[in-house]
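# Chains, contacts and geometry: an overview
Spelled out from the first residue to the last, the chains are:
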Amino acid sequence: MTRKRLWQTIRLWSMMSSIKRVEYLRKKGIFGEIGENVTIMDRKIPLYAKLIRIHNNVRLASNITFATHDITHFVLNHMLEIRGVKGGGYNENIGCIEIMDNVFIGTNSTIVGGVRIGPNAIVAAGTVVTKDIPPNSVVGGVPARHICDFEDWIEKRKNSYPLEMAPKHQEVSNELVKYMWDRFEEQRQRENQE
């Protein structure tokens, strides 16, 4: 890691607000592009961040790995050296990542170079994205597989609990806790009856 990237990472760790982190990343031109209404929870700067474009209304959860490169060229070039070929013959493999408008990427996901995600896409937590995610898709798994359409997912998300019970200041009320557990148990009973 270069000193500059290390310093930038330390600066990100010192910022509690994801809004301030995005402002810092945008101001310093660290990524290829960062659109409006973007939240980046992670505090590490990916290698070759200029190869990453993030469009508008994007939410990136924590611990997302952007693999804009791999180092297999070291293995391949070493194989050539063992065979007596001097100077190698393989370059580092790098690739761009583009995240279109209205995208959420869940925690612990990995996005490899050479992919475009969305627009209007949800990437579930723990997903490994190795190829383009089409518009209006919800994907998950290793590797990423289609789960449902974006519109279906939106419909499922409606009215998951009464709005007046919504969490406030990162706290849930006792009323909301009871409501959610009751709903959870009812759903399990329905599934067991089927």
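Everything below is about the structure printed above this text.
This one's a predicted model, so the numbers in the text were calculated from it and none came from an experiment.

## Side note on the overall build of the protein
Along the backbone of the protein there are 5 helices and 15 strands. Computed over its C-alpha atoms, the radius of gyration of the protein comes to 21 Å, more than 25% above the 16 Å expected for a compact globule of 194 residues. The dimensions of the protein, computed from C-alpha atoms along their principal axes, are 70 × 40 × 25 Å. For the protein, with 194 residues in total, the buried portion stands at 32%. Within the protein, residue pairs in contact and separated by at least 24 positions form 25% of the contacts whose partners lie at least 6 positions apart. Only carbon and sulfur atoms are counted for the fraction: they give 54% of the accessible area of the protein, which is about 12900 Å².

## A closer look at the sheet that holds strand E8 (residues 97–99)
Read from one edge to the other, the open sheet built from 4 strands follows the order E1-E3-E8-E11, with strand pairing classed as parallel. In this open sheet, the two strands that pair with only one neighbour each are strand E1 (33–34) and strand E11 (115–117). In this sheet, strand E3 (residues 52–54) lies alongside E1 in parallel orientation, the contact comprising 2 bridges. What sits directly across from Ile 34, in E3, is Ile 54.

Basis of the calculations
- Residues numbered from 1 in each chain as written.
- Predicted model: local features only at pLDDT ≥ 70, side-chain atom pairs only at ≥ 80, totals over all residues.
- Heavy atoms only, no water.
- Helix = DSSP H or I, 4+ residues; strand = E, 2+ residues; numbered from the N terminus.
- Rg over C-alpha atoms; globule rule 2.2 N^0.38 Å.
- Buried < 20%, exposed > 50% of the residue type's maximum accessible area, 1.4 Å probe, protein only.
- Contact = heavy atoms within 4.5 Å.
- Areas by Shrake-Rupley, 256 points an atom, 1.4 Å probe, with all protein chains shown as cover.
- Pairing = 2+ DSSP bridges.

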